[in-house]
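Spelled out, the chains give:
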Amino acid sequence: MLPRRSVTTIRTSSTASIGSKITGNILMIGERLRQAFHNNKPAIVRDRRQLLRQYTQCFTGREAVDWMVTNRDIIDRGLAVKLLRILQRNNVLHHVSDQSYLFKDDNALYRFRLDDCTFPMSREKEPYIKGEQLYARLTSQLTKNTILKVHTESGTVYEKSFYGSELVQWVVKHGLAASRAQAIGLGKELVECDIIRHVTTGHHFKDERVLYQFHPNMAHLKVMDLFDLDERPRSLNQDSPMSLRRHSEVSPRHSPIRTPNSIDIALGPLTLEPTSYSGDENKNIRKSSPGSSDSSSPLPPRVRKISTGSRSMSPVRTRGISSDEEYMVKNTIKITGDSVGFGFVVRGEGPSYVHTVDPAGPAAAAGLKAKQYITAVNSVDVVHKKHQELAHIILENPYYITLDVVDHNPLPKTEEEDED
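Residues numbered from 1 in each chain as written. Predicted model: local features only at pLDDT ≥ 70, side-chain atom pairs only at ≥ 80, totals over all residues. Heavy atoms only, no water.

A.B. asks: Can you explain the pattern of salt bridges? Please cite residues and give values.
C.D. replies: Taken as a whole and assessed by the stated rule, the structure comprises 12 salt bridges. The residue aspartate 105 makes a salt bridge to arginine 77 at a minimum N-O spacing of 2.8 Å. With aspartate 105 in the loop between strand S4 (93–95) and strand S5 (109–112) and arginine 77 in helix H3 (residues 77–89), this residue pair connects regions lying 28 residues apart in the sequence. Where lysine 130 meets glutamate 126, a salt bridge forms, and the shortest distance between an N and an O atom there is 3.2 Å. Linking lysine 130 with glutamate 126, this pair stays in helix H4 (residues 126–139), spanning four residues, or about one helical turn. (Salt bridge = Lys/Arg side-chain N within 4 Å of Asp/Glu carboxyl O. Helix = DSSP H or I, 4+ residues; strand = E, 2+ residues; numbered from the N terminus.)

Set out below in structure tokens:
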């Protein structure tokens, strides 16, 4: 009798960052909820009139909470509100007219951002949205001639599996991609995001008779998982130097290079990640772009260097940084994080300084520059803090920070140093 296998047992290495996967799972739960609201009988999402004004494709907060309590076994209405606020913070839904209005269990009107085309779609987020839409349609009981079938390969039976060529054809036929080439690209992104995977993890996505399955977690993703995803604890790998990051959808054009002594400040679920890579580790993190044969780059995928104008900062004395001497130019910079984060990297062993600044990020827009030393964060003195400690302080305030910085010129030598 042939062994039956409904899920793959060998885990593949995905090029998507941990942070983007967490954000992606939140978006998939949000999309799953959006589809449920639309498919409910009667539909929760519909056109409504309030205060003599017509609002399209919206729902009330109270109806949303009612549905959550009735259909998702959430016995506490306050708990349902907290879950929906997590989706609101992640740009899944919003108030129809007041962007700052916090979700409440009331008669206020809300919309899913995908319904009014205000969702900030990006290359990193799109595979998760389309992956959930694809999974929902293929697993729906109403779907006829689904490509999810039982297949046998090398003596093993794989349930709910499909060939890469079948997926490409289905995606084009049902309008999830405009061409076969786009469908292949989507398939590759779904593999990179670990939404689908080869049954033995031996292949990337191919438009061939190569067998794939959806990740088994797709069947178990629940609304209650939002709490764990939103409050994911920090993880630490003790085997290598660390770079503290809040992973996010950083633009590939402006992603700063990570070094063993650098901290990348960006908004998103928090994790600690190795910053020195051995040859074996590189095999797990490289990403081959379509048509590219280059697999020797030691950098993480979609990362390039941003020049700071200097390879390193000259040593500086903390007494000079915290003094009022004329050669120190002091400034206070207020930065409001966006959906990506603050967009700068810090280095240093106390005092710490700005190593790189994302030209497209909030930090650059606020006036933060490379080579500036950070003396205080939200009025808390950090002159003697190493970059790891400084990063933790900054990441405790993910949405808004005030930095006291100084532009440093080397201190004039003292008579004692001249004599030395």
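On we go.
A.B. asks: So what's going on with the pairing of strand S14 (residues 344–347)? Residues and values would help.
C.D. replies: Neither face of S14 is exposed, since Phe344 and Val346 on one face and Val345 and Arg347 on the opposite face are all buried. Sheet topology places S14 next to strand S15 (residues 353–357); four bridges connect them, and they run antiparallel. Residue pairing across strands places valine 346 opposite valine 354, the latter belonging to S15. Between S14 and S15, which pair antiparallel and follow one another directly, the connecting turn spans five residues, one of which, glycine 348, has a positive phi of 115 degrees. (Buried < 20%, exposed > 50% of the residue type's maximum accessible area, 1.4 Å probe, protein only. Pairing = 2+ DSSP bridges.)

A.B. asks: So, the pairing of strand S2 (residues 46–50): which residues are in play, and what are the values?
C.D. replies: Here four bridges tie S2 to strand S3 (residues 53–60), and the two strands are oriented antiparallel to one another. Its bridge partner lying in S3, arginine 48 is registered against tyrosine 55. Between S2 and S3, which pair antiparallel one after the other, the connecting turn spans two residues, and leucine 51 there sits at a positive phi close to 50 degrees.

A.B. asks: Please give an account of the packing of H4 against helix H6 (residues 180–192) that cites residues and values.
C.D. replies: Packing of H4 against H6 brings their axes to within 10 Å, and their N-to-C directions diverge by 100 degrees. Considering the angle they form, H4 stands roughly perpendicular to H6. Contact residues: H4 offers Pro127, Lys130, Gly131 and Leu134, while H6 offers Leu186, Glu189 and Leu190. (Axes fitted to C-alpha atoms, helices over the stretch in contact; angles between N-to-C directions. Parallel < 35°, antiparallel > 145°, perpendicular 65-115°, else oblique. Contact = heavy atoms within 4.5 Å.)

A.B. asks: I'd like to hear about unusual backbone geometry, residue by residue, with values.
C.D. replies: Between lysine 41 and the following residue, proline 42, the backbone shows a cis peptide bond with an omega angle of -5 degrees. Residue position: proline 42 is located in the loop between helix H1 (18–39) and S2. With a phi angle near 50 degrees, leucine 51 is a residue other than glycine that sits in the positive phi range. Mapping leucine 51 onto the fold places it in the loop between S2 and S3.

A.B. asks: Kindly report on the confidence of the model for the protein, identifying the contributing residues and their values.
C.D. replies: Averaged over every residue, the pLDDT of the protein is 74; the share at 70 or more is 68%. Note that residues 1–15 has pLDDT below 50 and, in this model, 44 contacts with residues that lie over four places away or in other chains. Note on residues 233–312: pLDDT is under 50 here. Beyond four places in sequence and across chains, it has 182 contacts. (pLDDT = per-residue confidence, 0-100.)

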